[in-house]
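The lines below spell out each chain.
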Amino acid sequence: MSKETINDSAESRPDWEHLEDWLRGQVQGMIQELLEQEVTEFLGRAKSARRSEPEQRTGYRNGYGKPRKVTLASGTIKVRRPRVRDTEEQFESRLLPLFVHRSQTVADLIPRLYLHGLSEGDFDLALRGLLGEDAAVSAATVARLKDQWNAELAQWRSRPLDDMKVVYLWVDGVYVKAGLEKDKAAVLVVLAALSDGRKVVVSAVPGHRESTHSWSEVLRDLRDRGMNCPRLVVGDGHLGIWGALRNVYPEAAEQRCWNHKIMNVLDRLPKKRQGEAKVMLRGIYFAETRARADRLRDDFAKWCRGNGHDTAAETLERDWERMTTYYDFPKEHWGHLRTTNPVESPFAALRLRTDAAKRYKRVDRAMAVIWKMLMVAEQRFRRVKCPELMTDVYLGTRYADGIAVAETAEKVAA
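Here's a quick rundown of the structure. Bear in mind the structure is a predicted one, so any value in this text is a computation, not a measurement.

The number of helices and strands found in the protein chain is 17 helices and eleven strands. The long-range share in the protein chain, meaning contacts at least 24 apart out of those at least 6 apart in sequence, stands at 65%. Summing over all exposed atoms, the protein chain offers an accessible surface of approximately 22800 Å²; the carbon and sulfur share of this is 50%.

Spelled out as C-alpha cells, the structure:
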C-alpha cells in the first residue's frame with residue numbers, strides 16, 4: 001500500500017468528536033444511493049442508458065426535487081428525491097414517500113416521550129439535541145400530530161369489531177386530573193383478551209365511572225360494532241358496569257376485583273389489625289377451590305366479629321358470589337381474572353403524566369393524547385397465560401375449580 005493511500009484512508013476515518021456527523025453523512029449517502037437504485041429498477045436501466053428492449057418502461061430521469069430534511073433515529077439528514085418524466089405509471093418511492101419528513105421510529109418516539117413526561121415546549125430543545133439541529137420535530141410538530149391523533153382516534157372508535165373473538169373483558173374508570181371539570185372526570189377503559197391470548201384496548205371514552213348510563217353507552221357501542229358477548233367481565237364493585245351488563249350483555253359472567261375488595265376490607269380495620277388481616281385475606285385470595293375460599297371467608301368473618309369489627313366482615317361477605325366467579329374458568333387464567341390490574345397498570349404512568357403536567361382543562365379535549373398513550377402501552381401488553389385454553393373458553397367449555405368439567409369427570413371415574 002502506498003503512502004498516499006494510507007494518508008487518504010486515515011483522513012476518511014472520523015475522530016471521536018466528529019463521529020456523529022460522519023455517521024449521518026454515511027447514512028445520507030447510502031439513502032441517496034438507494035433512491036437512485038429505485039429509479040434504476042423502476043425504469044429498468046441505469047442512468048444515461050437508453051432503452052434496449054421494447055418492454056422497458058418509457059420515460060427518463062428529470063433531475064431532483066428540492067433538498068428535503070428527513071429525521072431518523074440516528075439523526076437528521078438531507079436527501080434529494082429523484083424525479084422521473086414521461087412514464088405511463090407514476091414513480092413512487094417506497095423508501096421516501098411524498099410529504100414524509102420523519103421515520104416511523106421517530107414518529108413513535110414522540111408519544112413515548114410525551115408519556116414519560118416531556119411537555120410540548122420541551123420537544124424542540126430535547127429532540128434537536130438527540131436528532132440534530134435540523135430535526136423536523138418541534139412543539140408545532142407535536143400540535144400537528146395531536147390533530148392527526150384526533151382523526152386516528154375517530155377512525156379507531158368507529159372500526160368494526162366483528163372479526164374479534166373476545167373471551168375476557170377488564171373494565172375500569174380511571175380518573176384523570178382536569179382543571180375545569182366540576183365532577184370527577186374519568187376515562188372509561190375496556191380491555192379485551194382475545195381467543196389467541198392477545199390483550200387489546202377496545203374502548204376508551206370520557207364518562208362517569210359509577211354511572212350505569214355511561215357504561216351502557218360504552219357497551220352498546222361495542223355491541224353495535226359487532227363485538228361478541230364476552231365470557232367474563234372483570235371490574236371494580238363500585239362501577240356502574242354491572243347494571244350496564246344486564247342491559248347489554250346479560251349472559252356475561254361477572255368478576256369483582258380482589259384488590260379493591262381487600263383495600264375496602266382493610267379500611268374498616270384499625271392499623272394494628274391490618275397486618276394479620278392481610279395474611280388471612282391472601283389465604284382466601286389464593287385458595288385452590290371455591291369451597292376452601294368459602295371456609296376461609298367464614299374464618300375471617302368470625303375473627304372480625306370476635307374482635308368487634310363487624311363492618312369488615314360484612315364488607316368481605318358483600319357480593320361474595322361475584323368475588324369467586326373466576327373458579328368457573330381455567331386455573332391458569334386466575335392470575336389475570338382476579339383483579340383489574342391489566343387496565344390499571346398502563347394507566348399508572350398515564351396518571352402520573354397527566355397529574356404532573358396540569359395542562360388538561362377537560363378530559364374530552366385530552367382524549368387523543370390519552371388514547372395514543374394507551375396505544376403505545378398496548379404494544380407491551382403480555383398475552384394471557386396458556387393462550388391455547390382461550391379458544392376452549394370462547395367455545396363454552398365449562399370449568400369447576402379451574403379444571404374443565406369433562407376432565408373432572410374423567411378423574412372421578414379413574
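On we go.
This part covers the packing of helix H10 (residues 290-306) against helix H11 (residues 310-317). Two elements in contact, H10 and H11, have axes separated by 7 Å at closest approach and are oriented at 160 degrees. Between H10 and H11, the crossing angle belongs to the class labelled roughly antiparallel. Note on packing geometry: the crossing formed by H10 with H11 is left-handed. Across from Arg297, Phe300, Ala301, Cys304 and Arg305 in H10, the residues of H11 making contact are Asp310, Ala312, Ala313, Glu314, Leu316 and Glu317. By residue class, the composition of the contact of H10 with H11 is six nonpolar, no polar and five charged.

Here we take up the pairing of strand S7 (residues 199-207). Along any regular strand, the residues point their side chains to alternate faces of the sheet. The buried fraction of S7 is high, at seven of nine residues. Bridging between strand S6 (residues 186-194) and S7 involves eight bridges; their strand directions are antiparallel. If you follow Ala192 over to S7, its bridge partner there is Val200. The turn linking S6 back onto S7 is made up of four residues, and Gly197 within it adopts a positive phi angle of 95 degrees.

One pass over the full model with this rule turns up ten aromatic pairs. The interplanar angle of 50 degrees and the centroid separation of 5.9 Å between the aromatic rings of Trp156 and Trp371 together place this pair among those described as tilted. With Trp156 in helix H5 (residues 139-158) and Trp371 in helix H15 (residues 363-378), this pair connects stretches of sequence that are 215 residues apart. An identical accessibility class is assigned to Trp156 and Trp371; each is buried. Among the aromatic residues, those joined into a ring-pair cluster are Trp258, Tyr285, Phe286 and Trp320.

This brings us to helix H6 (residues 212-224). Across its 13 residues, H6 extends 18 Å between first and last C-alpha, which sits within 8% of the 18 Å expected from 1.5 Å per residue. Those residues of H6 that sit buried are Ser214, Trp215, Ser216, Val218, Leu219 and Leu222. Against the buried residues of H6 lie strand S5 (166-175), S6, S7 and helix H7 (241-248). Of the residues that open H6, the one with a side-chain oxygen 3.2 Å from the backbone nitrogen of His213 is Ser211.

Direction vectors running N to C along helix H8 (residues 258-266) and helix H9 (residues 271-285) enclose 150 degrees, while the axes themselves pass 11 Å from each other. With respect to their mutual orientation, H8 and H9 come out roughly antiparallel. Considering how the two elements wind past one another, H8 and H9 form a crossing that is right-handed. In this structure, H8 contributes Trp258, Ile262, Val265 and Leu266 to the contact, and H9 contributes Gln274, Ala277, Lys278, Leu281, Ile284 and Tyr285.

Cut-offs applied
- Residues numbered from 1 in each chain as written.
- Predicted model: local features only at pLDDT ≥ 70, side-chain atom pairs only at ≥ 80, totals over all residues.
- Heavy atoms only, no water.
- Helix = DSSP H or I, 4+ residues; strand = E, 2+ residues; numbered from the N terminus.
- Contact = heavy atoms within 4.5 Å.
- Areas by Shrake-Rupley, 256 points an atom, 1.4 Å probe, with all protein chains shown as cover.
- Axes fitted to C-alpha atoms, helices over the stretch in contact; angles between N-to-C directions.
- Parallel < 35°, antiparallel > 145°, perpendicular 65-115°, else oblique.
- Left-handed = near helix turned anticlockwise from the far one by under 90°.
- Nonpolar A, V, L, I, M, F, W, Y, C, P; charged D, E, K, R; others polar.
- Buried < 20%, exposed > 50% of the residue type's maximum accessible area, 1.4 Å probe, protein only.
- Pairing = 2+ DSSP bridges.
- Phe/Tyr/Trp six-rings, centres within 6.5 Å; stacked < 30°, edge-to-face > 60°.
- Expected span 1.5 Å × (residues − 1).
- Polar contact = N/O pair within 3.5 Å; in protein donor to acceptor, adjacent residues only side chain to side chain.

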